[in-house]
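Okay, here's what each chain looks like letter by letter:
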Amino acid sequence: MLYKSTRGRLKDTKSADAIKMGIATDGGLFVPQKNVKIESEILSQMMNMDYSGRASAILKPFLEDYTQKEVDECINNAYNLDKFDTKDIAPVHKLSDTAYILELWHGPTCAFKDMALQILPHLMVKAVQKTGETKEIVILVATSGDTGKAALEGFKNVKGTKIIVFYPYKGVSQIQEMQMITQEGDNVFPIAVEGNFDDAQSGVKKILTDSEFNKIMDEKGYRFSSANSINWGRLVPQIVYYFSAYADMVKNQWLKFGEEVNVAVPTGNFGNILAAFYAMKMGLPIRKLICASNENNVLTEFINTGVYNKNRIFKKTMSPSMDILISSNLERLLYELTGHDSQLITKWMKQLSSEGIYKIDESIRTKINEIFWADYSSEEDTLASIKKTYDKYGYLLDTHTAVGLNVYEKYKETTKDNTKTIIASTASPFKFNASVSRAILEIEKIEDKNEFELLHILSDESTMPIPASLKDLENKRIKHNKVCSKVEMKLQVEKILRIE
Ligand SMILES: *Cc1c(COP(=O)(O)O)cnc(C)c1O
């Protein structure tokens, strides 16, 4: 399998090079040049495989230039009981006859980013070896909170790499901040930026595609890459769990083999739902992809009108990992749906960066609407969903997952479609416990409590154990305290690499 850029200037790139580069040098994103098909025979065999076996079946065709042994080493280093708290890795919880919760938060940082970021460093190290790279890889990350910690954890002490993470100053939760500023490892550099996630992401993209700066880096023995979902190596591991969930549902006799499912995903940068789109293209029987947004509902509007307009007020919500107005991976979807029309994509992306708005053709919108359905959950709806689900089923949702479930319920109500639906559960309820407690507990119980006190209160109430990595967090030593302005991001990189 070879890869090409959505902006048209690069093609025939091997997967190791695409993963090593992260973003294409023309500013585009790498996509596979061909479609991968998973035959139904393989899907049916997956029922009797563990998560690693399933991952191997899905990853290998995308990583043709890796040997089977290399792929399996990466998988075994990532999806094991040292890193995940269940051998199922991504278990499915049946909530009702139609709603099935795919729990993607059993990894070390309690959010779904671990599903990809536990394996990406291994794929990256092998990519470096395979391509004969002699430079040190500098991973630049922009994060709304979860990617940053998951990437730091994945890349800590990985030989031949440094990792620099930019997160919004005062824009992440207490737990997320503590997770990042207490990060151990001698190659890790979290930095707070005075701005929001979009500012951090734009800044990082600018550095990654700054050809002059890249030349200087090259002379100094460094090469940039990305651990955001713009990197194909982030996306492909995310395809695995949709197949895995389907196999588990059939195995549990919740589903007949071949029966269609819907997939509902709480969406920010459009990475997770794009992975579901690829799963569908590969042959997984998916009827609709339900795109769930919070009050930053730029994607709801786009899918329903064909106009992408980021010129709106950025809202800080209780699902902060979805507080995003520029969803990078949409570029990949549009590229696929326009039949790989890189000129059109380049035009729209230029309009987005200069005017903050673009409009797609009716014919493309029709195609999108055949596959996607979109709506959003208000802050009030999100709290109500957590409470209702807890009262009715005794199951505790985090705020992001609640957005997904809420929008799924709106879908079901509007369309009367009773197709069984997988709802991607993207974080442990303990990770966003301030809002979760507010949804289910009386105010007297939680007033004046910080997030670490709330961990215990929530655990007592729900009788769920506090995830080990969050329990110890409060007493860890703070090791990082840098804050910079939006325009200083490049300078910070230069300082860390000592190339001013
Ligand atoms: C990153 C994240 C999302 C959004 O996922 P995208 O791939 O960016 O769409 C949703 N929920 C949580 C908890 C996340 O960390």
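For the structure, see preceding data.
Numbering of residues starts from 1 in each chain and follows the order in which that chain's sequence is written. In keeping with the model being predicted, local features are shown solely for residues with a pLDDT of at least 70 and side-chain atom pairs are shown and tallied solely at 80 or more, while totals for entire chains, interfaces and linings include all residues. Water and hydrogen atoms were dropped before computing side-chain values, which therefore reflect all heavy atoms in the structure.

(A) Local environment of the overall build of the protein. A run of DSSP states H or I qualifies as a helix once it reaches four residues; a run of E qualifies as a strand once it reaches two. Both are numbered from the N-terminal end. Helix and strand content of the protein: 23 helices and 16 strands. Radius of gyration (C-alpha) of the protein: 21 Å, near the 23 Å computed for a compact globule of 500 residues. The buried label goes to any residue with under 20% of its type's maximum accessible area, the exposed label to any with over 50%, and the partly exposed label to all in between, with areas taken from a 1.4 Å probe on protein chains only. Taking all 500 residues of the protein together, 63% fall into the buried category. Here the protein displays about 19,300 Å² of accessible surface, and carbon together with sulfur accounts for 46% of that area. For the purpose of charge, His is not counted, nor are the chain termini; Lys and Arg are scored as positive and Asp and Glu as negative. A single reference atom marks each charge: NZ on Lys, CZ on Arg, CG on Asp, CD on Glu. One way to put it: in the protein the 64 positive side-chain charges average out to a point 4 Å from where the 66 negative ones average out. Here the globule rule reads 2.2 Å times residues to the power 0.38, and the radius of gyration is calculated from C-alpha atoms. Only the protein chains shown count as cover for residues, with accessible areas throughout obtained via the Shrake-Rupley method and a probe of 1.4 Å.

(B) Summary view of the pairing of strand β8 (residues 188–194). Of all seven residues in β8, five are buried, a share of seventy percent or more. In this description, strands pair whenever DSSP reports at least two bridges between them. Pairing geometry for strand β7 (residues 161–168) and β8, over six bridges, is parallel. The partner of I163 across the bridge, within β8, is V188. With strands facing away from the observer, any crossover in which the path from the first strand over the helix to the second runs clockwise is taken as right-handed. Read as a crossover between parallel neighbours, the route from β7 over helix α8 (residues 174–181) to β8 is right-handed.

(C) Representation of helix α23 (residues 489–497) in the model. Along α23, the residues that are buried comprise M489, Q492, V493, E494, I496 and L497. Where α23 terminates, the next one or two residues include R498, which has phi positive at roughly 55 degrees.

(D) A look at the packing of aromatic side chains. Pairing of aromatic side chains here covers Phe, Tyr and the six-membered ring of Trp, requires ring centres within 6.5 Å, and sorts the geometry by plane angle: under 30 degrees stacked, over 60 edge-to-face, intermediate tilted. Following the criterion strictly, the structure yields 16 aromatic pairs and no others. Relative to Y411, the ring of W373 lies with its centre 5.2 Å away and its plane at 75 degrees, an arrangement referred to as edge-to-face. Of this pair, W373 sits in strand β14 (residues 372–376) while Y411 sits in helix α18 (residues 399–415), placing them 38 residues apart in sequence. Among the aromatic residues, those joined into a ring-pair cluster are Y3, F62, W232, F270, F277, Y278 and F372. The cationic tip of K490 hangs over the ring face of F213; the distance from NZ or CZ to the ring centre is 4.9 Å. Placement of a charge over a ring requires the Lys NZ or Arg CZ to be within 6 Å of the ring centre, with the centre-to-atom vector within 35 degrees of the ring normal.

(E) Broad picture of the site of the ligand. Lining the immediate surroundings of the ligand are 15 residues, of which K113, D146, G268, N269 and T426 lie closest. Counted as a polar contact is a pair of N or O atoms within 3.5 Å, where, for protein atoms, one must be capable of donating a hydrogen and the other of accepting one, and residues adjacent in sequence contribute only when both atoms are in side chains. Here T426 contributes a side-chain N or O atom positioned 2.8 Å from a nitrogen atom of the ligand. Burial of the ligand by the protein amounts to 97% of the accessible area it has alone, namely 380 Å². Any residue outside Ala, Val, Leu, Ile, Met, Phe, Trp, Tyr, Cys, Pro, Asp, Glu, Lys and Arg is labelled polar, Gly included; the first ten of those are nonpolar and the last four are charged. Along the lines of polarity and charge, the residues of the shell around the ligand split into five nonpolar, eight polar and two charged. Note on terminology: near, applied to a residue and a molecule or strand, indicates that one of the residue's heavy atoms is within 4 Å of it.

(F) Expanded view of the nonpolar core. If you look at the biggest cluster of nonpolar residues, it comprises 156 residues, and the most contacted ones within it are Y79, I239, Y242, F243, L334, Y358 and F372. Of the residues forming this core, the biggest block, 13 residues, is contributed by helix α11 (residues 232–251). Every residue in contact with L334, bar those within four places of it in the chain, is listed here: F302, I345, W348, M349, Y358, I360, I364 and I368. Nine residue types can take part in a nonpolar core, namely buried Ala, Val, Leu, Ile, Met, Phe, Trp, Tyr and Cys, and a core is a set of them joined through side-chain atoms within 4.5 Å. Membership of the second largest hydrophobic core comes to 26 residues, among which are L29, L140, I164 and M489. Contacts: residue pairs with any heavy atoms within 4.5 Å of one another.

(G) Focus on the pairing of strand β9 (residues 222–226). Across the five residues that make up β9, a large majority, four, are buried. Bridge count for strand β6 (residues 136–142) against β9 is five bridges, and the pairing is parallel. The residue bridging I139 from the neighbouring strand is S225, located in β9.

(H) Structural detail: the environment of I326. If you trace the backbone, I326 turns up in the loop between β12 (307–309) and α14 (330–337). Its relative accessible area of 17% is what places I326 among the buried residues. Through-space distance from the C-alpha of I326 to that of Y278 is 21 Å; in sequence the pair is 48 residues apart. Dropping the residues within four chain positions of it, I326 is found in contact with D198, Q201, S202, N269, Y308, K310 and L352.

(I) Looking closely at the environment of Q179. Within the element layout of this structure, Q179 appears in helix α8. Residues Q179 and E494 lie 315 residues apart in sequence; the distance between their C-alpha atoms is 24 Å. Residues within four places of Q179 in sequence aside, it is in contact with T109, K149, K431, L470 and L473. Polar contacts involving the side chain of Q179 include one to the side chain of K431, which spans 3.2 Å.

Nothing here speaks to function; it is geometry throughout.
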